[in-house]
Amino acid sequence: MILVDTGDLLYYRPPTGHPNEKKTGDLKAALYTKTYNLMGYDAFTPGELDFSFGVGEIVRMSKRANFPFLLANLMFTQSHKPVFKPYLIKELPGVKIGFLGLISKEVSLGGPPEENKKYYLADPIEVAKKFVAELKKKKCRVIVVLGHMELAGQEMLAKNVPGIQFILSGHVPHHQPHPLDANGSEIIMAGSRGEHLGQVDFFVEQKRIYSHFQLVTLSAEFADHPQVQEWLVQYKADLQKLIQTRPQASPRRSPPAARREVVIPVTPLYMGENHCISCHPQQHQSWTGTAHARAYQALSQQNKSSDPTCLTCHTTGLGVVKNPNAFLANVQCKACHGPAEGHPELRRSLSPVAEDQCRKCHNPGNSPNFKYPTYLQKVRHQK
Ligand code: HEC
Ligand code: HEC
Ligand code: HEC
Ligand code: HEC
């Protein structure tokens, strides 16, 4: 068995400028790296989220991994040589398999501009042509691309570079029960967030390769590994120290006022929903009936109330105020109506609610069924 991952694993895009986000990012990256070491991963191709803090950080993290980071088209500006190992050859009985790591040219590298000058992304198609030829010369019968790019980019790759059997799709958040046929290559989509494992079984005959794909849903029937569970408990405790949150009572049972806030923010930019009750009791009442008023609870139930990757959408104003503790539990009034500075004292009107506002959180990965008109109907205050 060969285990590979196609990226956006270790870091997340710093969403906000939260003062501790580098530290929380490092915690997560370290946890995943040692867990993948334990699982015996064979290769990993970083995606743009992994470059959130720059190339240097991911190079540093790669040294802790017992498996290579594969990326053929991230180059040093000076030498035009790849920063990471471009490919890996694995030998199973009777067959050599080449794994080639590629990332879209369109992504940004995240690090400080000074540092980024040291690197550039080469055209994945040109780079693939060169390395596919090299892998063939080295007698690889099967060539697998770990492709961190949009689906269109993967299809272009299949069209322009013959000889690739499998493209394991990174970046695309959707999963598909069947491989997509693209000019003789099979594009395999196992989705995001570790919800599924894409399993490809194949065997090779004289001239042909027969393969079978299976999407395995990683449901609760797969028991957690005791060692990883232990690390997770420690990870959560460490996170808690960096982003202090306090568990809170169910909004339904607690009185409506100040208690629902995690911490009172230090600047009035993001005032809590309790600030709005006195003048807008009807709107407040209807909001209390929506899932938005319980979004933070959804996290605490999963013991993820300190996980910054979740907090950005299940709370309001995280990191907007430069105080690690200043955010509001749940999707509050401001998430849709924007910061209410000067309202109503200066009679300033709040910006109208727009679809874009919803899509910041209701993205295809987290809200696949989102349709603006039907969703809007459920959150409007007049019923
Ligand atoms: C700050 C992030 C955020 C914003 C902005 C946001 N939502 Fe949500 N929304 C959530 C989260 C998180 C949930 C899930 C809460 C839960 O179930 O715990 C949710 C749930 C919902 C639900 C309930 C879905 C269901 O099946 O019951 C509807 C409807 C909804 N949102 C509509 C909207 C609309 C319309 C907008 C824009 C006007 C919007 N949301 C803006 C984060 C957001
Ligand atoms: C990009 C924004 C975003 C991020 C990040 C996010 N969520 Fe959500 N989450 C949503 C939205 C939007 C919904 C509502 C989806 C709907 O009903 O259409 C939701 C729904 C949920 C629900 C309730 C619905 C269900 O499936 O039971 C849970 C629980 C949840 N999220 C947990 C998490 C956890 C845990 C994390 C972190 C690993 C996380 N979310 C990260 C936006 C987000
Ligand atoms: C999920 C997004 C969302 C959240 C959260 C939200 N609202 Fe609204 N609000 C709307 C929409 C949508 C409208 C109506 C605009 C429209 O119909 O085009 C609206 C309208 C209003 C209005 C204008 C009068 C009216 O009823 O149309 C007030 C006042 C208001 N909201 C207050 C609040 C308060 C107070 C909160 C927090 C307790 C809140 N809203 C939370 C989406 C939201
Ligand atoms: C002291 C009273 C008061 C408080 C507190 C208050 N508002 Fe208002 N709000 C008003 C008045 C008055 C209007 C104008 C109503 C009208 O024109 O019919 C208004 C209008 C609105 C509107 C309609 C669009 C607009 O901007 O004119 C929204 C949305 C709104 N408020 C949201 C909020 C939110 C969210 C909060 C809490 C952060 C809040 N308000 C706090 C008094 C208040």
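The following refers to the structure shown. Being a predicted model, the structure only gives us computed values, none of them experimental.

**Regarding the environment of Ile 97**
Right, so step 1: Mapped onto the elements, Ile 97 comes out in strand β5 (residues 95-103).
Right, so step 2: Looking at Ile 97, the relative accessible area reads 1%, which means it is buried.
Right, so step 3: The spacing of Ile 97 and Cys 140 is 43 residues in sequence and 5.2 Å in space, taken between C-alpha atoms.
Right, so step 4: When residues no more than four places from it in sequence are discounted, the contact partners of Ile 97 are Ile 2, Leu 88, Ile 89, Lys 90, Leu 92, Cys 140, Val 142, Val 144 and Phe 202.

**Some details on the site of ligand 2**
Right, so step 1: In the neighbourhood of ligand 2, 15 residues make up the surrounding shell, with Cys 310, Cys 313, His 314, Ser 367 and Tyr 375 lying closest.
Right, so step 2: His 314 is positioned such that a nitrogen or oxygen atom in its side chain is 2.9 Å from a nitrogen atom of ligand 2.
Right, so step 3: A distance of 2.6 Å separates an oxygen atom of ligand 2 from a polar atom in the side chain of Ser 367.
Right, so step 4: When residues of the shell around ligand 2 are traced back to their parent elements, those giving at least two are α9 (295-301) and α10 (308-314).
Right, so step 5: In terms of residue count, α10 provides more of the shell around ligand 2 than any other element does, 5 residues in total.

**Examining the coordination of the iron atom of ligand 3**
Right, so step 1: Those protein atoms acting as donors to the iron atom of ligand 3 are His 337 (NE2) and His 381 (NE2), and they sit at 2.0 Å.
Right, so step 2: Classification of the site at the iron atom of ligand 3 rests on its 6 donor atoms, whose angles at the metal span 86 to 178°, yielding the label octahedral. One end of the pair, His 337, is in helix α11 (residues 333-337); the other, His 381, is in the segment after α13 (372-379), and 44 residues separate them in sequence.
Right, so step 3: With a relative accessible area of 27%, His 337 lands in the partly exposed category.

**Quick look at the side chain of His 292**
Right, so step 1: Of note, His 292 is situated in the loop between α8 (281-288) and α9.
Right, so step 2: Under the relative-accessibility criterion, His 292 is labelled buried at 19%.

**Examining the layout of surface pockets**
Right, so step 1: By volume, the second largest pocket is sized at about 180 Å³.
Right, so step 2: Here the lining of the second largest pocket is composed, by residue class, of 3 nonpolar, 5 polar and 2 charged.
Right, so step 3: Taken domain by domain, the lining of the second largest pocket gets at least three of its residues from each of domain 1 (4-217) and domain 2 (248-379).

**A closer look at the pairing of strand β7 (residues 142-148)**
Sheet faces and side chains relate simply in a regular strand, where the side chains alternate between the two faces.
Right, so step 1: Within β7, 7 of the 7 residues are buried, which leaves it mostly tucked inside the rest of the structure.
Right, so step 2: The side-chain alternation of β7 yields two buried faces, one formed by Val 142, Val 144, Leu 146 and His 148 and the other by Ile 143, Val 145 and Gly 147.
Right, so step 3: Pairing between β5 and β7: 7 bridges, direction parallel. What sits directly across from Gly 101, in β7, is Leu 146.

**A closer look at a nonpolar patch on the surface**
Right, so step 1: Together, Leu 197, Leu 218 and Phe 222 line one region of the surface with nonpolar side chains, adding up to about 240 Å² of accessible area.
Right, so step 2: With respect to the element layout, Leu 218 can be found in the loop between β12 (209-217) and α6 (226-242).

**Here we look at the site of ligand 3**
Right, so step 1: Around ligand 3 sit 17 residues in total, of which Cys 333, Cys 336, His 337, Arg 380 and His 381 are the nearest.
Right, so step 2: A distance of 2.9 Å is found between an oxygen atom of ligand 3 and a side-chain nitrogen or oxygen belonging to Gln 283.
Right, so step 3: Contact between ligand 3 and His 337: a nitrogen atom at 2.8 Å from a side-chain N or O atom of the residue.
Right, so step 4: Grouping the amino acids of the shell around ligand 3 by side-chain chemistry returns 8 nonpolar, 8 polar and 1 charged.

**Focus on α8**
Right, so step 1: The complete set of buried residues in α8 reads His 284, Ser 286, Trp 287 and Thr 288.
Right, so step 2: Buried positions along α8 lie against α7 (274-277).

What counts and how
Residues numbered from 1 in each chain as written. Chains lettered and ligands numbered in written order. Predicted model: local features only at pLDDT ≥ 70, side-chain atom pairs only at ≥ 80, totals over all residues. Heavy atoms only, no water. Helix = DSSP H or I, 4+ residues; strand = E, 2+ residues; numbered from the N terminus. Buried < 20%, exposed > 50% of the residue type's maximum accessible area, 1.4 Å probe, protein only. Contact = heavy atoms within 4.5 Å. Near = heavy atom within 4 Å. Polar contact = N/O pair within 3.5 Å; in protein donor to acceptor, adjacent residues only side chain to side chain. Donors = N, O, S within 2.8 Å, 3.2 Å for Na, K, Ca; no water. Tetrahedral: all angles 85-135°; square planar, octahedral: opposite > 155°, others 65-115°. 1 Å grid on protein atoms, 1.4 Å probe; cavity = no way out; pocket = protein on both sides within 12 Å on 5 of 7 lines; lining within 4 Å. Points joined across faces, edges and corners; volume = space filled by probe spheres on them. Nonpolar A, V, L, I, M, F, W, Y, C, P; charged D, E, K, R; others polar. Domains from an automatic or database assignment. Pairing = 2+ DSSP bridges. Patch = residues over 30% accessible without salt bridge, like charges linked within 9 Å, V, L, I, M, F, W, Y side chains within 5 Å. Areas by Shrake-Rupley, 256 points an atom, 1.4 Å probe, with all protein chains shown as cover. Salt bridge = Lys/Arg side-chain N within 4 Å of Asp/Glu carboxyl O.

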